[in-house]
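Survey of secondary and tertiary structure
If you want the building blocks of each chain, they are given just below.
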Amino acid sequence: MTTSLCVGQRDVEKWKLQLALGINNTLDEGQTPGYFSKQINFPTINFGVQYMFARNWGAKLDLGYNRSSEAESSLPYKLNYTRINAQAVYDFKDIFTFLPPPIGIVAHAGLGVSMTKPLGNFSNNTYTYINLLAGLELHYRLSKSVSIFADGSYAYSLAGSDKYNVVTDGFSFNGDLAYVAIGVSISLSGCNYCSY
C-alpha cells in the first residue's frame, strides 16, 4: 500500500533546470530621440534553476540575455540587456483541473537587477537598475522529468526617468523589456519532492 502511494506521487520535481530561446521588444519609444528599436529582436536567452517547496509553490533564480538593434528609421545602434531575477513560482495544476495531464500553466514574478550596455560609440553608457519581472509559462510534459514550455514575460523598469539625459550621455536605454521564449525544463532531482 505504501509503495503504490509513493509511485503515484512521482510527478513533481523538486529541482529543475530551464533553458529557453526567444525574441524580445525593448519598448523604448520616446526614450532617445532618433533611436528606435525593431519591434522583434533576437536573441533572448534565459537560463534558470527552479526549486519547488511544495506541490504548487516554488522559487527560481534566472539569468536573461537580450539583444536589440535599430529599426529602419532609426540611427544605428545595438544594445545588450542582461537581467538577473529571483522569482516566486506558482503552478496552477489545482486550479486548472480541466487541462489534460501533460499540460501545465506556471506563473512567476519577482525582483531583479537589469544591466544595459549599448555597443559601438555609446558603449560607456551602461546602466544598472532594479526591475520587476512577471510572466506566464505554458508547459507540455514529454516525460516525468522533461517538459517543453513557452514563456511570455515583462520586465518593468524601476529606474527613474532622471537616470538618463540624452544631451549629455548620448544613446542608452533604461526601460522596460517584453519577451517570448520557447524552452526546455529538465528535472535535476528525479522526483525527490512529490506531492501526488
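Residues numbered from 1 in each chain as written. Predicted model: local features only at pLDDT ≥ 70, side-chain atom pairs only at ≥ 80, totals over all residues. Heavy atoms only, no water.

1. Thoughts on the nonpolar core
- Grouped together as the largest cluster of nonpolar side chains are 16 residues, with contacts concentrated most on Tyr77, Tyr81, Tyr129, Ala155, Phe173, Leu177 and Tyr179.
- Broken down by secondary-structure element, the contributors of at least two residues to this core are β4 (78-91), β6 (127-141), β7 (146-157) and β8 (177-187).
- What tyrosine 81 contacts, discounting residues up to four positions off in sequence, is Gly64, Tyr65, Asn66, Ser114, Met115, Thr116, Tyr129, Asn131, Ala155, Phe173, Gly175 and Leu177. (Core = buried A, V, L, I, M, F, W, Y, C linked by side-chain atoms within 4.5 Å. Buried < 20%, exposed > 50% of the residue type's maximum accessible area, 1.4 Å probe, protein only. Helix = DSSP H or I, 4+ residues; strand = E, 2+ residues; numbered from the N terminus. Contact = heavy atoms within 4.5 Å.)

2. Notes on a nonpolar patch on the surface
- On the surface, Leu19, Leu21, Ile23, Ile40, Phe42, Ile45, Phe47, Leu61, Leu63, Ile84 and Val180 cluster together into a nonpolar patch covering about 1,000 Å² of accessible area.
- Of all the secondary structure elements, the ones that give two or more residues to the nonpolar patch are β1 (15-25), β2 (41-52) and β3 (57-69).
- Mapped onto the elements of the fold, leucine 63 is located in strand β3.
- Looking at leucine 63, the relative accessible area reads 38%, which means it is partly exposed. (Patch = residues over 30% accessible without salt bridge, like charges linked within 9 Å, V, L, I, M, F, W, Y side chains within 5 Å. Areas by Shrake-Rupley, 256 points an atom, 1.4 Å probe, with all protein chains shown as cover. Salt bridge = Lys/Arg side-chain N within 4 Å of Asp/Glu carboxyl O.)

3. Let's talk about the pattern of salt bridges
- Tallied over the entire structure, the rule returns four salt bridges.
- A salt bridge links glutamate 137 to lysine 60; its shortest N-O distance comes to 2.8 Å. A residue pair is termed long-range when its members are at least 10 positions apart, and glutamate 137 in strand β6 and lysine 60 in strand β3 qualify at 77 residues.
- Taking the relative accessible area as the measure of exposure, glutamate 137 reaches 2% and is therefore buried.
- In this structure lysine 60 comes out as buried when scored by relative accessible area, which is 7%.
- Taking the shortest distance from any N to any O, the salt bridge between lysine 93 and aspartate 91 comes out at 3.4 Å.
- Under the relative-accessibility criterion, aspartate 91 is labelled buried at 13%.

4. Topic: the packing of aromatic side chains
- Applying the stated criterion across every chain, the model contains six aromatic pairs.
- Consider the rings of phenylalanine 92 and phenylalanine 96, whose centres lie 5.2 Å apart with planes at 25°: the pair is stacked.
- Each residue in the set Trp57, Tyr90, Phe92, Phe96 and Phe98 is aromatic and connected to the rest through ring pairs, giving one cluster. (Phe/Tyr/Trp six-rings, centres within 6.5 Å; stacked < 30°, edge-to-face > 60°.)

5. Quick look at unusual backbone geometry
- Omega for the peptide link from phenylalanine 42 to proline 43 comes to 5°, which places this bond in the cis form.
- Its location among the elements puts proline 43 in strand β2.

6. So, the sheet that holds β7
- Spatially, the eight strands close up into a barrel ordered β1-β2-β3-β4-β5-β6-β7-β8, and their pairing is antiparallel. Put simply, the sheet's adjacent strands are angled 25° from each other on average, direction ignored.
- Alignment of β1 against β2, held across nine bridges, turns out to be antiparallel. Directly across from alanine 20, in β2, lies its bridge partner asparagine 46. (Pairing = 2+ DSSP bridges. Axes fitted to C-alpha atoms, helices over the stretch in contact; angles between N-to-C directions.)

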